[in-house]
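Okay, here's what each chain looks like letter by letter:
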Amino acid sequence: MVKVEQLTKRFGAITAVDGIDFTVEKGEIVGFLGPNGAGKSTTMRMLAGYLPPTSGRASVAGFDIFSESLKAREHIGYLPENVPLYLDMRVAEFLRYRAGLKGVPQRRLTERVGDVLEMCGLDEVGKKIIGRLSKGFRQRVGLADAMIHEPDLLILDEPTIGLDPNQIRLVRDLIRNLRRHHTILLSSHILPEVEMLCSRVIIINKGRIEAMDTPQNLRARLGQAGHILFDAIVADPRAAATDLRQLEGVQGVSHRRDGDWTVFTIEAAPDRDPREALFHHATENKWRVREISRPPVTLERVFAEVTGGEENF
Ligand SMILES: Nc1ncnc2c1ncn2[C@@H]1O[C@H](COP(=O)(O)OP(=O)(O)O)[C@@H](O)[C@H]1O
Ligand SMILES: [Mg+2]
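Residues numbered from 1 in each chain as written. Chains lettered and ligands numbered in written order. Predicted model: local features only at pLDDT ≥ 70, side-chain atom pairs only at ≥ 80, totals over all residues.

A. Representation of the sheet that holds strand S12 (residues 250-258). Strand order in the open sheet made by the four strands is S12-S13-S11-S14, with antiparallel pairing throughout. Pairing within the sheet leaves two strands with one partner each, and these edge strands are S12 and strand S14 (288-293). Strand-to-strand twist in this sheet, taken as the mean axis angle between neighbours without regard to direction, amounts to 20°. The pairing of strand S11 (residues 227-233) with strand S13 (residues 261-268) spans six bridges and is antiparallel. Of the residues in S13, the one forming a bridge with Ala232 is Thr262. (Pairing = 2+ DSSP bridges. Helix = DSSP H or I, 4+ residues; strand = E, 2+ residues; numbered from the N terminus. Axes fitted to C-alpha atoms, helices over the stretch in contact; angles between N-to-C directions.)

Listed below in structure tokens is the structure:
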């Protein structure tokens, strides 16, 4: 459905998107995840045909988005970062107007407007002036607009940004329902959101793709090299750490004090689980233990790991 090759965008000295490659198959829901300024919006604007690339290529539904832009756009529904709505128009009137612009045949206008109003939960506000709607409703009008011409691919740039938790839930449910009939590429800087909605995640940072996999695999990849928390009362923490480093399956050990307790953070070797060895070691040395655990790896951790510990998002 989407094929991107060596796509690059420079703004003067800034390389916003730096030679990225990826594909999206029909029916997938792929999440672009990255901190502010990573290049998500720039990539999406290029794919939607609103911004020419500096170099590289991309196609949607087999049409080159630059040389066959009009054809490609028939297959794309785009929800930009800041939804440009006509604030003094009424919802249904606006959608009818947009449908006309996007080439929906006259005889199908009423039906299409009715369909998207229903799908986006906008039935009761169809006659309202857009400018008087809440941010959540406006976002749904933006989604309805993106879907009005029945595109195969939806490109949704931060669809839940600026919404309150209730509105976020509604928009999320809506996206979840959409995935039955659409291929979706969405961006977010909120990890749990991507994890909840997407079948695949593309982690982008400083214009480059840092990782690309299912949320499950991304988590598992790091889960194998995960950390173990081990709290014990030991006479000499430094000597204890040195001993622990010798244990089978242990790659590294750091420690800090917490009152009488020493909290060790143990880095397991790939595919190894040294918890049993730790337990034996503690028993042999008659250490008092209050915790031996392996915290689940969240996408937050995956992200921090692949982007070099960046947490500014
Ligand atoms: N029109 C523009 N002119 C100059 N620089 C831009 C423009 N659009 C984006 N940038 C820069 O490109 C980089 C990527 O921005 P953007 O794609 O908006 O990131 P994201 O959506 O991931 O937050 C940023 O450094 C941003 O300042
Ligand atoms: Mg953006």
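We are not done yet, so read on.
B. Inspection of the packing of helix H3 (residues 91-101) against helix H5 (residues 135-147) at higher detail. At their nearest, the axes of H3 and H5 sit 9 Å apart, and the two run at 25° to each other. Considered as vectors, H3 and H5 are oriented roughly parallel to each other. Once H3 is placed against H5, the crossing between them reads as right-handed. Along the contact surface, H3 presents Val91, Phe94, Leu95 and Arg98, while H5 presents Val141, Ala144 and Asp145. (Parallel < 35°, antiparallel > 145°, perpendicular 65-115°, else oblique. Left-handed = near helix turned anticlockwise from the far one by under 90°. Contact = placed C-beta atoms within 7 Å.)

C. Highlighting unusual backbone geometry. Unlike most non-glycine residues, Gln6 shows phi in positive territory, near 50°. Along the chain, Gln6 turns up in strand S1 (residues 2-11). Residue classification places Gln6 among the partly exposed positions, given that 13 C-beta atoms sit within 10 Å. Even without glycine at this site, Ala61 takes up a positive phi of about 55°. (Buried ≥ 20, exposed ≤ 12 C-beta atoms within 10 Å, placed from the backbone.)

D. Spotlight on the site of ligand 1. In the neighbourhood of ligand 1, the contacting residues comprise Phe11, Ile14, Ala16, Gly34, Asn36, Gly37, Ala38, Gly39, Lys40, Ser41 and Thr42. It is helix H1 (residues 40-47) that contributes the most residues to the shell around ligand 1, three residues altogether. Taken together, the residues that form the shell around ligand 1 break down as four nonpolar, six polar and one charged. (Near = placed C-beta within 6 Å. Nonpolar A, V, L, I, M, F, W, Y, C, P; charged D, E, K, R; others polar.)

E. Quick peek at the domain arrangement of the protein. Looking at the protein, the domain boundaries give domain 1 (2-221) and domain 2 (227-295). Distance from the C-alpha centre of domain 1 to the C-alpha centre of domain 2: 47 Å. (Domains from an automatic or database assignment.)

F. Summary view of the pairing of strand S10 (residues 208-213). Note: strand S9 (residues 200-205) against S10, five bridges, orientation antiparallel. Paired with Asn205 across the strands is Arg208, a residue of S10. Hairpin geometry of S9 and S10 is characterised by an intervening segment of two residues between the two adjacent antiparallel strands and by a positive phi of about 50° at Lys206.

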